[in-house]
Amino acid sequence: TYLLLLEKGMVRLARGDASGSVKVLLKARDVLDLHLDKSLKGNLAEFLKGGLVDDEAMSYQGADYEHIMVRVLLAVTDLLTGEGDAFAYANQVGETQDAIIDSPFGDEKKKYHPRKQYQRVAVGAYVQGIIQEANLYASEAALAYDRAYAWVGGTPRARPRRPRRASPPRWPPR
């Protein structure tokens with residue numbers, strides 16, 4: 001059902017109904033959150049049902065990226081509408097990534113934890129920086145931008161280049 005809600009939210013956004021899109025995406029996020037709890041904790045009943053009957057008997061819990069991207073869509077769409085909840089949605093992007101990366105999914109004996117190898121998505125921190133900068137909180141914005149920069153691995157493309165001069169320019173030029 002949440003895949004249909006995600007699709008419906010995107011169609012509303014494409015049609016120009018951003019506030020309607022936010023409402024539908026909120027419903028999709030709430031449904032996904034129920035599945036995320038099962039995914040993070042592990043559900044033995046679902047696992048046995050899938051093993052004994054068929055894999056298709058298990059309910060689809062959603063891919064890890066879907067849990068994050070619905071929050072990214074909420075943050076960006078809310079920025080478009082100006083309803084004022086974009087900062088909270090951007091914060092949820094980071095919280096959800098933390099929950100997924102820190103989940104016990106994997107094999108302890110073989111030291112195999114695939115979720116711990118995920119690279120974090122920096123868009124949530126970047127949106128937080130944009131909002132803080134728009135509200136004239138420059139130091140808070142700088143912290144958010146630094147967090148986004150660290151999450152993308154510190155690549156030079158992520159940080160804007162600032163021209164540096166060895167000495168102050170002279171005026172008038174000689």
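Computed from a prediction, not measured in an experiment: that's the story for all the values here.

(A) Main features of the packing of helix α1 (residues 2–14) against helix α4 (residues 64–81). At a closest axis distance of 12 Å, the pairing of α1 and α4 adopts a crossing angle of 25°. What the angle tells us is that α1 and α4 run roughly parallel. Along this stretch, α1 crosses α4, giving a crossing that reads as left-handed. Counting all contacts with α1, which are made through Tyr2, Leu3, Leu6, Met10 and Leu13, the residues of α4 involved are Glu66, Val70, Leu73, Thr77 and Leu80. Broken down by class, the residue content of the contact of α1 with α4 amounts to eight nonpolar, one polar and one charged.

(B) Highlighting the packing of helix α5 (residues 86–101) against helix α6 (residues 123–134). Close contact between α5 and α6 brings their axes to 8 Å; oriented N to C, the two are set at 155°. In this view, α5 runs roughly antiparallel relative to α6, as classed from their interaxial angle. Two packed elements cross with a definite hand, and for α5 against α6 that hand is left-handed. For the pair α5 and α6, contact is made by Ala86, Phe87, Ala90, Asn91 and Val93 and by Gly124, Val127, Gln128, Ile131 and Gln132, respectively. The residue makeup of the contact of α5 with α6, split by class, is six nonpolar, four polar and no charged.

(C) How the structure looks around the nonpolar core. Within the largest apolar cluster, 16 residues are counted, with the highest numbers of intra-cluster contacts made by Leu6 and Val70. Listed by contribution, the elements that provide at least two residues to this core are α1, α2 (18–41), α4, α5 and α6. At five residues, the largest contribution of residues to this core is made by α2. Setting aside residues up to four positions removed in sequence, valine 70 forms contacts with Leu6, Leu25, Ala28, Arg29 and Leu32. If you look at the next biggest cluster of nonpolar residues, it comprises five residues, including Ile68, Val72, Val93 and Ile100.

Rules of the game
- Residues numbered from 1 in each chain as written.
- Predicted model: local features only at pLDDT ≥ 70, side-chain atom pairs only at ≥ 80, totals over all residues.
- Heavy atoms only, no water.
- Axes fitted to C-alpha atoms, helices over the stretch in contact; angles between N-to-C directions.
- Helix = DSSP H or I, 4+ residues; strand = E, 2+ residues; numbered from the N terminus.
- Parallel < 35°, antiparallel > 145°, perpendicular 65-115°, else oblique.
- Left-handed = near helix turned anticlockwise from the far one by under 90°.
- Contact = heavy atoms within 4.5 Å.
- Nonpolar A, V, L, I, M, F, W, Y, C, P; charged D, E, K, R; others polar.
- Core = buried A, V, L, I, M, F, W, Y, C linked by side-chain atoms within 4.5 Å.
- Buried < 20%, exposed > 50% of the residue type's maximum accessible area, 1.4 Å probe, protein only.

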